[in-house]
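Observations on chain architecture
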Protein chains: 2
Amino acid sequence: MLERFQVPQEDRVYVQEPKARQATEKVFLKMGLSKADAALSADVLIYADINGVDTHGVSNMLRMYVQAYNKGEQNPRPRWKVTHDFGATATIDGDNGLGLHLAPKAMDLAIEKADKYGVGSTCLLNAGHIGALGYFARQAAAKNMVGMVMNGGGGFAMLPTYGAEPRFGTNPFAWAAPARKQPDFCLDVATTQVAGNKIRLLQRMDHPLLPGWLARPDGSPIMQEEKVPEEDIRSEQRHWYMLPFGGTRENGSHKGYGLACVVDIMGPIMSGNGPGFITNKAGSNFTAWKISAFTDLEKFKDDMDAFLDGLAKTKPAPGHDRVFYAGLPEHEERLKRLKEGIPYHKEVIDWFHTISNELNLGIKLP
Amino acid sequence: MLERFQVPQEDRVYVQEPKARQATEKVFLKMGLSKADAALSADVLIYADINGVDTHGVSNMLRMYVQAYNKGEQNPRPRWKVTHDFGATATIDGDNGLGLHLAPKAMDLAIEKADKYGVGSTCLLNAGHIGALGYFARQAAAKNMVGMVMNGGGGFAMLPTYGAEPRFGTNPFAWAAPARKQPDFCLDVATTQVAGNKIRLLQRMDHPLLPGWLARPDGSPIMQEEKVPEEDIRSEQRHWYMLPFGGTRENGSHKGYGLACVVDIMGPIMSGNGPGFITNKAGSNFTAWKISAFTDLEKFKDDMDAFLDGLAKTKPAPGHDRVFYAGLPEHEERLKRLKEGIPYHKEVIDWFHTISNELNLGIKLP
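The present account deals with the structure reproduced in this document. (Residues numbered from 1 in each chain as written. Chains lettered and ligands numbered in written order. Predicted model: local features only at pLDDT ≥ 70, side-chain atom pairs only at ≥ 80, totals over all residues. Heavy atoms only, no water.)

Comments concerning the overall build of chain A
Per the secondary structure count, chain A includes 12 helices and 13 strands. For a compact globule of 366 residues, the expected C-alpha radius of gyration is about 21 Å, and chain A comes in at 20 Å, within 12% of that figure. For chain A, the spread of C-alpha atoms along the principal axes amounts to about 50 × 50 × 45 Å. In chain A, of all internal contacts separated by at least 6 residues, the share reaching a separation of at least 24 is 67%. For chain A, the exposed area adds up to about 13400 Å²; of that, 48% sits on carbon and sulfur atoms. Computed over 42 positive and 43 negative side-chain charges, the separation of the two mean positions in chain A equals 3 Å. (Helix = DSSP H or I, 4+ residues; strand = E, 2+ residues; numbered from the N terminus. Rg over C-alpha atoms; globule rule 2.2 N^0.38 Å. Contact = heavy atoms within 4.5 Å. Areas by Shrake-Rupley, 256 points an atom, 1.4 Å probe, with all protein chains shown as cover. Lys, Arg positive; Asp, Glu negative; His and termini not counted. Charge placed at Lys NZ, Arg CZ, Asp CG, Glu CD.)

Written out as structure tokens, the structure is:
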């Protein structure tokens, strides 16, 4: 994570993982979720926090979920069902439950099918926010499969290359694959230049954005460092839009834009919800490839160790002391945070205490 | 395509598609390929030329294939075989044939399996150069499926983010999906900032590269416009390396790097050939998702029309007069070139006549 996204030292309150998990579960239970779904939802959020993916942990997301439940916009007890089942594939209607606890079930079904047929794939529609996609891709890796997750929907955030009107959400995707001794590979990224939640983080921490990260309302890329104006990215009057990754065409933004399209096709469109920017509905895809169906699993794991270790041992360029691979910094952060606790912004702790008082939850942090 | 990649007007020789195809087939036949494989190989090359993907057409590639056949490095009559078959998946050993005519068979098998199980996936190993991946992804789209292709191998070209030693080839991938009235979606890109063949094209045309496209041998990104030194990217003494797309970490090169890893995992490693930078062997994956297994096919096609048309009609940003989507410029170029002919560099025409004389092929262009 770039330094500008880290919580400033003086604002940090360290909370041990079990306490953070317990507090989060309490909130979900109070919202009406079943015990199992509350635990699963908390697990997905705490996964983000413990791996250093602060943007997708409790800080940004929990209060939004609470708001959605309180307004009756999210169903705490969804009766999700499989609407299409065809050999190695399925489509699941989430009955407007939170994606956090529906997505793991969609990936479980893809894994079950992959185990039987070598590859399995499911679409999920009518589900709320889904959290850090890496969690679900890693479910496949834990079962000796390669996992892919895509989630798209809504046309409020990202411009297409050369465009001046938003056509996408942040349309993230994730891939994970298992190794033996090395920490698993896990790539979990938005197709925007910067994740949506990272913009909120920059705003909260009053840090400037970098050139090529956002565009002005007329579609021109902002090519200087400046503060991000506070605004709701779903509001009518906009001060900025997001750019596809790459930023400008010369830097390959057509690739980020193209991948945003792929996510919209595999998620909202193939699930049956229609294009994100037209229907404003989300959709996801979960695909798992069973490694032993293609090659020898033990050789694959040895190869992955050699691959990942070789990447991490690449001689670094001037100005850098190490080379990473996707999943390695998260692993190191996890070991650190399991010991030291999760560094929340003090304002997040205040929120926990406020909601605890309101709802009588008895949460006391750290 | 950025203007700097186009053949200069004064160097162009226009050749009608059937004549270019016929000349290409003759060369392949002379190399010892079967009639069917020569036709298929020519079809994949001409697909690139007719769609404006000049980097992957006959100009750059045909002479390299001829060289490989002449040196006995490529098998003109491979006895390819399925080594793993597990429900919806398979692995194919290509017996060192050219990827151009093996990859369509690998995608055909994935399509056959997807038709039966909803999703199908095959790996291909021990195959030579594969050409423009979009061709194979479009095979799936033509059968009302979403197609994905990944091809990786070799560690001679691309640095990992922050690294000073190359660890990847250009590791391209492609996705395609069908629409009804709109030209099909097809994204076909390298995970490097610029495709390898585009660098050769820049060299041939003596055009400079843009900032952030390549790195110096110590791993530092080249941040100014300069000429690309002529060199073989597989040679020991290097003047430059390729950067993952995004270019620099601040511009998201960790995403391009991460996707290069995904391609290595799905291709060389999952096929059984091992990591590209260690074994220097290639591998590919072909996956097809049958749309009607997930949702109503006719609705999907209507949705795709609305999606693609909506993207193309997005209000453009200052300095641009249109917004495109992946597959649209290629479609327009195809219509143009089918009428006007393919604009080859005169030097390519010279090559055809030279080899025609050498091998007694009777080729006369245009």
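Having seen the model, we can carry on.
Quick notes on the sheet that holds strand β4 (residues 119–127) of chain B
Strand order in this open sheet of 7 strands is β2-β3-β4-β10-β5-β6-β7 (chain B), and the pairing throughout is mixed. Looking at the sheet topology across the chains shown, the edges are occupied by β2 (81–86) and β7 (185–189) of chain B. Taking each pair of neighbouring strands and ignoring which way they run, the sheet shows an average axis angle of 10 degrees. Bridge analysis of strand β5 (residues 145–153) of chain B against strand β6 (residues 173–177) of chain B gives 4 bridges, and the strand direction is antiparallel. Bridge assignment links B:M150 to a residue of β6(B), and that residue is B:F173. Packing against the sheet, helix α7 (residues 253–271) of chain A makes contact with β5, β6, β7 and β10 (282–290) of chain B, and its axis sits at approximately 135 degrees to β7(B). (Pairing = 2+ DSSP bridges. Axes fitted to C-alpha atoms, helices over the stretch in contact; angles between N-to-C directions.)

Some points on the relation of the copies chain A and chain B
At an RMSD of 0.0 Å, chain A and chain B line up after a rotation of 180 degrees and a shift of 0.0 Å along the axis. In the structure described here, the two chain copies are related by an operation that fits a two-fold rotation axis. Within chain A, the C-alpha atom positioned nearest to the axis of rotation is that of A:G246, 2.3 Å from it. Interface overlap between copies is the fraction of interface residues in one copy that are interface residues in the other; for chain A against chain B it reaches 100%, indicating a shared surface. (Least-squares fit on C-alpha atoms with pLDDT ≥ 70 in both.)

Remarks on the sheet that holds strand β6 (residues 173–177) of chain A
All names here are of chain A. The 7 strands are arranged β2-β3-β4-β12-β5-β6-β7 in an open sheet whose pairing can be described as mixed. Each edge of the sheet is formed by a strand with only one pairing partner; in this case those strands are β2 (81–86) and β7 (185–189). Taken over all neighbouring pairs, the strand axes of this sheet differ in orientation by 10 degrees on average, direction set aside. Summarising the sheet, strand β3 (residues 89–97) and strand β4 (residues 119–127) pair through 6 bridges and their orientation is parallel. Residue pairing for β4: T91 is matched across the bridge by C123. The strands that helix α4 (residues 99–117) touches are β2, β3, β4, β5 (145–153) and β12 (282–290); relative to β4, the one it contacts most, it runs at about 160 degrees.

Notes on the interface of chain A and chain B
At the junction of the two partners, chain A supplies 97 residues and chain B supplies 97 residues. When the area that chain A buries against chain B is broken down by residue, the three leading residues are A:Y162, A:K255 and A:F294, summing to 11%. Scanning the region where chain A abuts chain B turns up 0 salt bridges. Linking chain A with chain B are 29 residue pairs in polar contact (both at pLDDT 80 or more), by the criterion used here. Along the lines of polarity and charge, the residues of the side of chain A that touches chain B split into 53 nonpolar, 29 polar and 15 charged. (Buried area = accessible area lost by both parts, 1.4 Å probe. Salt bridge = Lys/Arg side-chain N within 4 Å of Asp/Glu carboxyl O. Polar contact = N/O pair within 3.5 Å; in protein donor to acceptor, adjacent residues only side chain to side chain. Nonpolar A, V, L, I, M, F, W, Y, C, P; charged D, E, K, R; others polar.)

Some remarks on the pattern of salt bridges
All names here are of chain B. Scanning all chains against the criterion turns up 32 salt bridges over all chains. One salt bridge in this structure joins R216 and E226, with 3.2 Å as the shortest N-O distance. Of this pair, R216 sits in the loop between β8 (214–215) and β9 (241–242) while E226 sits in the loop between β8 and β9; the two residues are 10 residues apart in sequence, bridging distant segments of the chain. According to the relative accessible area criterion, R216 is partly exposed, its value standing at 31%. (Buried < 20%, exposed > 50% of the residue type's maximum accessible area, 1.4 Å probe, protein only.)

What to know about the pairing of β2(B)
Bridge count between β2(B) and strand β3 (residues 89–97) of chain B: 5 bridges; the pairing is antiparallel. The residue of β3(B) that forms the bridge with B:F86 is B:T89.

Brief notes about the packing of helix α2 (residues 35–50) of chain B against helix α4 (residues 99–117) of chain B
Residue and element names in this part refer to chain B. One way to put it is that α2 packs onto α4 with a least axis distance of 8 Å and a crossing angle of 90 degrees. Overall, the two elements α2 and α4 adopt an arrangement that is roughly perpendicular. The residues of α4 that touch α2, namely those facing D37, L40, S41, V44 and L45, are L100, H101, P104 and K105. Class assignment of the residues belonging to the contact of α2 with α4 gives a composition of 5 nonpolar, 2 polar and 2 charged. (Parallel < 35°, antiparallel > 145°, perpendicular 65-115°, else oblique.)

Here we look at the nonpolar core
Among the nonpolar cores identified, the biggest contains 110 residues, and A:W175, A:F185, A:W289, B:W175, B:F185 and B:W289 are the most heavily contacted of them. Those residues in contact with A:F185, other than ones at most four positions away along the chain, are A:W175, A:A176, A:A177, A:M304, A:L308, A:Y325, A:A326, B:G258, B:C261, B:V262 and B:I265. (Core = buried A, V, L, I, M, F, W, Y, C linked by side-chain atoms within 4.5 Å.)

Things to note about unusual backbone geometry
Cis geometry is adopted by the peptide bond preceding A:P366, which originates at A:L365 and carries an omega value of 0 degrees. Along the chain, A:P366 falls in the segment after α12 (346–359). You will see that A:N280, though not glycine, has its phi angle at about 60 degrees, which is positive. For A:N280, the location among the structural elements is in the loop between α8 (276–279) and β12. Located in the positive-phi region is B:N360, a residue other than glycine, with phi close to 60 degrees. Locating B:N360 in the fold gives a position in the segment after α12 (346–359).

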